[in-house]
Amino acid sequence: MSAKVAAQKFSFPFSSATRLSQEELSQKGCIQVKALSLQDLQQSPSLSSAGSVRHDAAGARLPLRPDPSQSGVKLSVDGEDQRPATKRQLSSESAARTITAVKKSAVRTEAEEPKPPKPKTHPGQRAAPEKRRRRKDLFASSEVFHRIDSHAIRTGAELKEKCVYDVKAIVQKITKGARNELEKLRAIWVWLCHNIAYDVKGYLGQAERLTAPEEVIAAGCGVCCGYSNLCTEMCREVGIECQEVPGHSKGIGYRQGQSLRNVKSDHLWNAVLLGGQWFLLDACWGAGRVDMEHESFVKRFDDFYFLTDPEEFIYTHFPDEEQWQLLEAPIPLEEFEKRVFKTSAFFNMGLRLIHPPHAHVLTDDGEANVALGYPRPITFTHEITQHQDLLHSGSLEQKDSTSSSCGLLTVSPRSMKLQILPPASGVYDVKVFARPESATTPLTWVCSFTVECPTPRATEEIPENPFLSWGLQPVAGSLGVTGSSQGSKVAEVEDAVFDLVLKTSRPLMALCELVHPTLDQATAKRCLATQIQPDALTCHVLCPLRGFYRLSVFVRDYEKTDVKFQNVANFLLHCKGKTLGPDELFPPNLGSACGPGTRTSEAGLSKFSHTAAVVSTQQGKCNITFHNQRDLELHSVLSRAEDKMAATPLSRHLFCTYTDSKVTVSASLPDAGVFRLGLYARLSPGGDFDPMCDFVLRNSCERPGPPFPCVYSAWGRGCVLFEPRVGLLEPRTWVRFRVRVPGAQRVSVIGETKTDLKMNKSRVWEADVFSGLQPLKLATAAGGGGGHGGPLGL
């Protein structure tokens, strides 16, 4: 035997019968036999990886079975290979006595030329000086196991159908074609997850718990020790060093906030040795979850628990022995108890906990906050309920939406914030759900918190938000919305008026929805006016009630009329001061486009004197001018709430003037209030008039505005009435008339008598006319024919 091989030390149970061959005893040098205590084993720097420790039920540190392949000294232990893992536990007495075989020549060599000891493979220590390997260093993604997984699942189903329950036979079949230890381990783990269900009845004491491997396989179910024991036996069949690790877990039966000190551990999982380094896995958690509400097991393969990184595994699994944490800086039990519960989905989505540092949160002034970071767009929602004792009791793992009205969830490009405002004193459970933005599956539970509220903040009811979060949605950019005048925080509304502006990267159509806990739908529609422009969307909001409002915006591409509107933003508005009465709301039947915008531009209407949708006047009069570049036939309408009737028709309070391409729509409002001015255009000859845009005219003048003269069809392009501009004249008075009528040969005013107007140098027809007691009509004659028309009436 060489000195290099002889320098290896091996420890094994002293009580076991040890055989050394005569050939080995006769070799050069002698064998030194030395009794070591358990303390010596722990402190000896020259122990090899074969001296890794394990623990019995009492917690004693026990040496693992050595690997003969790593030694030149052939050792055998009677019965070791034949006994099941559950019977290979060593008593603390036998663990305290071991023998070590070392060649004298090797001892002299080490004394003369000191060499550093070979690295150990004890749990929690690196097998080599290099950085500890992570799961991603073993395989880039689980897709690399597609062939192995498919074979293990298919073969497992075939063996189950044939009633094959022998561990060795199953392992040989499912690992056939595996090229290395990693693929063999993967086949075993996948077979366990797909063929063994959790024994809920056994866990609840309603049936006998099965632990023996053959019994577990035959029944197709077992508790955690059934999974871990079977995993150990199957790994042993393919020569993979596998250990069962006892400890605490935050699974079924776990009570949030409970102290685990002096509490017996309740879970078993496995650690495997691959390439000289220990890795963790849990087939029990990988197989599915337990629905305690229905006392049933829900199969759901979870690949996260295969060779999970210790830094992530420690959030839900705490081993009895510290070294099985496999962390460079192990954490105490108290820290494990405090840590936020994170599901596998939390890590799979790359989420990052920003706040709070621990799971139990105490409110500050009735408020608590949760914040998560994420590397790619994620959709979030939450659930806030009264505290339940068990973390997994009565809660589904997936959720589509939330009905909670005491949490405000806002998102930004790289983080999520949840503001929690408990409605009353007490303890609450907070669950956060998430999914990738592009996914269509239900949202998945990612983490949980417990919020304790000694004194609630006096708050008003918050409307439900079925669209999950406040502010711009994560999909806003892809839908064409690039920015917002309002952030995700609550908007305090002053003077009962709020304006929202969304910047857009392309022309969009928009719809808005306003919701208040006590506001009816008909009234809510009169609180919104939307302006749609090629590069912006503006929503004007009025608040008739105090409290919180939800303002939701939906968009689609302007030209894609067959595409559904999608929610792009939701804002929480708070009105706690002035409110508006019913007469101050927007007029009913407002169109979807108010003010100049995309629609008017496409029709060739441009250069509007008023670019906003809402026009306010303190004199009761206003003129809106614009250019009609396509020479469209136009029509305008004035309206207001139906319960408001004017002395004269509202049509008499509008007057349109066309000069070249310029159009002027004049309004003389009959009283104070809010009016709708609708502008229409005939886009094709003989077609219908299509809505172009609506203006909201808000008049604060109490003095009635006089109506305009009644206009007839002959009053057309280029006709301008300078005086008089009113349709009601004082009787028996002299009135100055000034009018321009292109192409007219004669212009007259006809009443009790006829008065001809004279054209001045500016081509304006003018004269003083006695009003008398009869209505006056302005008539023209064109081309010298002497005919009279009735273009205008006073």
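Source: prediction; values computed, not measured.

Parameters and conventions
- For every chain, the first residue of the written sequence is number 1, and numbering continues from 1 along that sequence.
- Local features in this predicted model are restricted to residues whose pLDDT is 70 or higher, and side-chain atom pairs enter the listing and the counts only when it is 80 or higher, whereas totals over whole chains, interfaces and linings include all residues.
- As a rule here, side-chain values cover all heavy atoms of the structure and leave hydrogens and water aside.
- Two strands qualify as a pair provided DSSP detects at least 2 bridges between them.
- Each helix corresponds to a stretch of at least 4 residues labelled H or I by DSSP, and each strand to a stretch of at least 2 residues labelled E; elements are numbered beginning at the N terminus.
- Note on geometry: axes are lines fitted to C-alpha atoms, helical ones only across the stretch in contact, with angles between N-to-C directions running from 0 to 180 degrees.
- The sense of a crossing depends on the near helix, which, turned anticlockwise from the far helix by less than a right angle, makes the crossing left-handed and, turned clockwise, makes it right-handed.
- By definition in these notes, contact holds between two residues if any of their heavy atoms fall within 4.5 Å.
- Charged residues are taken to be Asp, Glu, Lys and Arg, nonpolar residues to be Ala, Val, Leu, Ile, Met, Phe, Trp, Tyr, Cys and Pro, and polar residues to be all remaining types, Gly included.
- Ring pairs shown here join Phe, Tyr and Trp side chains whose ring centres sit within 6.5 Å, with only the six-membered ring taken for Trp; geometry is labelled stacked below 30 degrees between planes, edge-to-face above 60, and tilted in between.
- Note on exposure labels: buried denotes an accessible area under 20% of the residue type's maximum, exposed denotes more than 50%, and partly exposed covers the range between, all computed with a 1.4 Å probe on protein chains only.
- For a ring to carry a charge above it, either NZ of a lysine or CZ of an arginine must fall within 6 Å of the ring centroid while also lying within 35 degrees of the normal to the ring plane.
- Among buried residues, those of type Ala, Val, Leu, Ile, Met, Phe, Trp, Tyr and Cys that are joined through side-chain atoms within 4.5 Å constitute a nonpolar core.
- The domain limits used here are those given by an automatic or database domain assignment.
- Salt bridge, as applied in this entry: a Lys or Arg side-chain nitrogen positioned within 4 Å of an Asp or Glu carboxyl oxygen.
- This arc corresponds to the set of directions leading from the helix axis out to the C-beta atoms.
- Polar contacts here mean pairs of N or O atoms no more than 3.5 Å apart (in protein, one a potential hydrogen donor and the other a potential acceptor; neighbouring residues in sequence count only if both atoms are side-chain atoms).

Judged by pairing direction, the sheet is antiparallel, and its four strands sit side by side in the order β24-β26-β29-β28 without closing on themselves. Strand pairing shows two members of the sheet lacking a second neighbour, β24 (481-484) and β28 (528-533), which therefore form its edges. The mean angle between the axes of side-by-side strands here comes to 20°, regardless of whether they run parallel or antiparallel. Sheet topology places β24 next to strand β26 (residues 497-504); three bridges connect them, and they run antiparallel. Considered in β26, the bridge of V481 is made with T504.

Between two packed helices, the angle of one axis relative to the other and the distance separating the axes together describe the packing. In contact at an axis separation of 9 Å, helix α8 (residues 167-174) and helix α12 (residues 224-237) are set at 65° when each is read in the N-to-C sense. The handedness of the crossing between α8 and α12 is right-handed. The segment α8 lies against α12, with V167, K168, I170, V171 and I174 engaging L230, E233, M234 and E237. Among the residues making up the contact of α8 with α12, the classes are represented as six nonpolar, no polar and three charged.

Let us now look at the pairing of strand β39 (residues 689-699). Bridge count for strand β33 (residues 614-617) against β39 is four bridges, and the pairing is parallel. By the bridge assignment for β39, S616 is matched with R698. Inspection of the sheet shows strand β38 (residues 673-682) paired to β39 by 10 bridges, in the antiparallel sense. Bridge pairing in β39 places G673 opposite N699. In this structure, the hairpin formed by β38 and β39 is closed by a connection of six residues, where G686 is found at a positive phi of approximately 80°.

Here we come to the packing of aromatic side chains. All told, the structure shown has 21 aromatic pairs when counted by the stated rule. Here the aromatic rings of F467 and F554 are separated by 5.3 Å at their centres, their planes lie at 75°, and the arrangement is edge-to-face. With F467 in the loop between β22 (443-453) and β23 (471-472) and F554 in strand β30 (residues 547-557), this pair connects stretches of sequence that are 87 residues apart. Judged by relative accessible area, F554 falls into the buried class, the value being 15%. Seen from their ring centres, F608 and F626 are 4.8 Å apart, and the 20° between their planes marks the pair as stacked. You can see F608 sitting in the loop between β32 (605-606) and β33 and its partner F626 sitting in strand β34 (residues 621-628), a full 18 residues away along the chain. You can call F608 buried: its relative accessible area is 11%. Joined through ring pairs, the aromatic side chains of W285, F304, Y305, Y315, F346 and F347 make up one cluster. The ring of F336 is capped by K250, whose NZ or CZ atom sits 4.7 Å from the centre of that ring.

This brings us to the nonpolar core. As a rule of thumb, soluble globular proteins bury nonpolar side chains together. Core analysis: the largest hydrophobic core is formed by 101 residues, its most contacted members being M234, V272 and F380. For this core, the leading source of residues is helix α9 (residues 181-195), giving nine residues. Looking at which domains feed residues into this core, each of domain 1 (135-339) and domain 2 (348-387 + 404-453) supplies at least three. The contacts of V272, once residues within four sequence positions are left out, are L185, C235, I240, E241, C242, Q277, W278, F279, L281 and L307. Counting 42 residues, the second largest nonpolar core, distinct from the first, contains A476, L502, A524 and V696.

Another aspect to go through is the pairing of strand β11 (residues 296-299). Taken together, the four bridges between strand β10 (residues 288-291) and β11 define a ladder with antiparallel strand orientation. Within β11, the residue paired with V290 across the bridge is F297. What sits between the antiparallel neighbours β10 and β11 is a turn of four residues, in which E295 has the positive phi angle 50°.

Once that is clear, we can look at the sheet that holds strand β45 (residues 758-759). Pairing is antiparallel across the open sheet formed by four strands, whose spatial order is β41-β42-β46-β45. A single partner strand is all that each edge strand has here, and the edge strands are β41 (720-723) and β45.

Our next topic: the pattern of salt bridges. Within this structure, the stated rule accounts for 23 salt bridges. A salt bridge links E633 to R682; the shortest N-O distance between them is 3.0 Å. Within this pair, whereas E633 is found in strand β35 (residues 633-639), its partner R682 is found in strand β38, the two being separated by 49 residues in sequence. Exposure remark for R682: the relative accessible area of 22% places this residue in the partly exposed category. Here the salt bridges share partners, and the residues they tie into one network are E723, R736, R738, E766 and D768.

This part is about unusual backbone geometry. In the segment running from H355 into P356, the intervening peptide bond is cis, with an omega of 5°. For the bond running from E723 to P724, omega is -15°, close enough to zero to count as cis. Its location among the elements puts P724 in the loop between β41 and β42 (734-740). Backbone geometry at N589 places phi at a positive 65°, although glycine is not the residue there. Within the secondary structure, N589 sits in the loop between β31 (566-575) and α19 (598-602). Owing to a relative accessible area of 64%, N589 belongs among the exposed residues under this scheme.

Moving on, we come to α8. Those residues of α8 that sit buried are V167, I170, V171 and I174. An end-on view of α8 places all buried positions within 95° of arc, on one side of the element. Check the buried side of α8 and you find it contacts α7 (146-161), α9, α11 (213-219) and α12. At the N-terminal end of α8, a side-chain oxygen is found 3.3 Å from the backbone nitrogen of K168, two or three residues along, and the residue is D166.

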